[in-house]
Amino acid sequence: MVLPHLDAAYNLARWLMRDTAAAEDVLQEAMVRALTYFASFKGVNPRAWLLQIVRHAAYSSIALNRGIETVPVDGDDAAELISGDDDPEAALLRSREACRVRALIAALPVELRETLVLREFEEFSYKDIAEATQTPIGTVMSRLWRARQLLARAAAAEGLP
Amino acid sequence: MPDCDKVLLVQAELDGELDAAQAASLEAHRAGCPICRQAQAELVRARALLRAEPYETTPDEVRAQVMARLRLAEPRLEPARRQRSSRRWLFPAAGGFGFGAACAAVLAFLLVLPPRDDVAEQIVAGHIRALQPGHLEDVVSTDQHTVKPWFDGKLDFAPPVRDFAADGFPLKGGRLDYLGGRAVAALVYQRDKHVIDLFVWPEGGPLPRLAGGTQIQGYNVVHWTAGGMNFWAVSDVERPQLDDFATLWRKAP
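Calculation notes
- Residues numbered from 1 in each chain as written.
- Chains lettered and ligands numbered in written order.
- Predicted model: local features only at pLDDT ≥ 70, side-chain atom pairs only at ≥ 80, totals over all residues.
- Heavy atoms only, no water.
- Helix = DSSP H or I, 4+ residues; strand = E, 2+ residues; numbered from the N terminus.
- Contact = heavy atoms within 4.5 Å.
- Buried < 20%, exposed > 50% of the residue type's maximum accessible area, 1.4 Å probe, protein only.
- Disulfide = S-S within 2.5 Å.
- pLDDT = per-residue confidence, 0-100.
- Salt bridge = Lys/Arg side-chain N within 4 Å of Asp/Glu carboxyl O.

(A) Focus on the overall build of chain B. In terms of regular secondary structure, chain B is built from nine helices and seven strands. Long-range contacts, defined here as pairs at least 24 residues apart, represent 58% of the contacts in chain B between residues at least 6 apart.

(B) View of the environment of Cys36 of chain B. All names here are of chain B. Along the chain, Cys36 falls in helix H3 (residues 34–51). The exposure class assigned to Cys36 is buried, which follows from its relative accessible area of 0%. Once the C-alpha coordinates of Cys36 and Cys4 are considered, the two residues, 32 residues apart in sequence, prove to be 7.1 Å apart. The contacts of Cys36, once residues within four sequence positions are left out, are Cys4, Lys6, Val7, Val10, His29 and Arg30.

(C) Up close: the state of the cysteines. For the structure on display, the rule yields zero disulfides over all chains. Residue Cys36 of chain B stays outside any disulfide, its sulfur separated by 3.6 Å from that of Cys4 of chain B, the closest cysteine.

(D) Representation of the confidence of the model for chain B. All names here are of chain B. Mean pLDDT over chain B: 78, with 76% of residues reaching 70 or higher. Averaged pLDDT values for the elements of chain B fall to 43 in helix H5 (residues 77–86) and rise to 92 in helix H1 (residues 7–14). Note that pLDDT drops below 50 for residues 76–96; the model gives that stretch 20 contacts with residues more than four away or on any other chain. Between residues 111–116, whose pLDDT stays under 50, and residues either more than four places distant or in other chains, the model counts 16 contacts. For this predicted complex, the interface score ipTM comes out at 0.76, while the overall pTM is 0.52.

(E) Region of the structure containing the pattern of salt bridges. According to the stated counting rule, one finds 19 salt bridges over all chains in the structure shown. Notably, a salt bridge pairs Asp15 of chain B with Arg119 of chain A, separated by 2.8 Å at the nearest N-O pair. In this pair, Asp15 of chain B is assigned in the loop between H1 and helix H2 (20–31) and Arg119 of chain A in helix H6 (residues 110–120), connecting two distinct chains. Of the two residues, Asp15 of chain B and Arg119 of chain A, neither departs from the other in class, the shared state being buried. Between Arg148 of chain A and Glu120 of chain A there is a salt bridge whose closest N-O contact spans 2.8 Å. Separated by 28 residues along the polypeptide, Arg148 of chain A in helix H8 (residues 137–157) and Glu120 of chain A in helix H6 bring together distant segments of the chain. Across this residue pair, the class does not change: Arg148 of chain A and Glu120 of chain A are buried. Beyond isolated ion pairs, a larger network of salt bridges with shared partners links Arg119, Glu120 and Arg148 of chain A together with Asp15, Arg47, Arg51 and Asp156 of chain B.

Have a look at this one:
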């Protein structure tokens, strides 16, 4: 059985929660909600609709747990990335870089982070981002702009290529 | 926000949100605007960083947990469904209908696919647009070694370019196109009197894939992937010929 948008939902949950376990809870919650309300879905873009639900679930969870939000980027990720590569040295370098980029994204304010993730990782159009985040397109554009500026400058400051 | 109100357009271009006319007018502006060129450089840099990030798929055990939760949650649907079905006087035998509808909703949800024909329709629309006079090729050449370098710097990937003149599909040129919010390469081929457009862009990302081919508004569309690229061929040639064209590509070294 295929859940075609599960990966997108999982990714957004991870980026919003910045914690794997919390992201999994949010994912479960969102998928159950989506199933419950699926009959009432009348739009044309089920992916944007599902991610809107994920986002709601994540925001409620963040609101509930405010103050005990966990630290981004765990050490396990690095190990995962290295394994299976032929050139361990290059892989280590790459994974360090990837971790730093990830940390930079994770450090972005949540509204910039979600906009950037939807655009760059899910390749959402502005219209779909506007739908998923329930934000006007103009705001989507300026958030994307700020997110990318912050990221590019932080990366330059860290000496990333 | 920097001092030029066009920077968001620079960004929109990078995101594939501008049409050809807007892109052309931006191009003219950017030539004389250092702020926009600086912005462009930063945007490209940010994108390169992000695109190097691996896309994480859902771990199998998480997927399994979700499936298990969904199976548990299924019965929750029934009461809501019954209420609705009881209002449906058209279905007097509503007992069965409620359950059937619940099952259908679950199935539809589990099987709901990205609108598969979406891309195919965009491909056909792109093809028809390109057939308007003067829109077909940005670079006119039957030489793959001219067409391929032409794409350098215009796309964030290097599309494979091949000429199959010996097999009856001569290359005529190439152009940039926009599909699903991204810039893609379009290669133009001739088959007798017919034009074949071949759209190419890297695999990955959420663009839905269509296995095999389809027909829309009389145009045949064939899709395949190879070497990490999506290929979509569209033309009004007969389907077998388009399939031959696809086979040539797939067998190409």
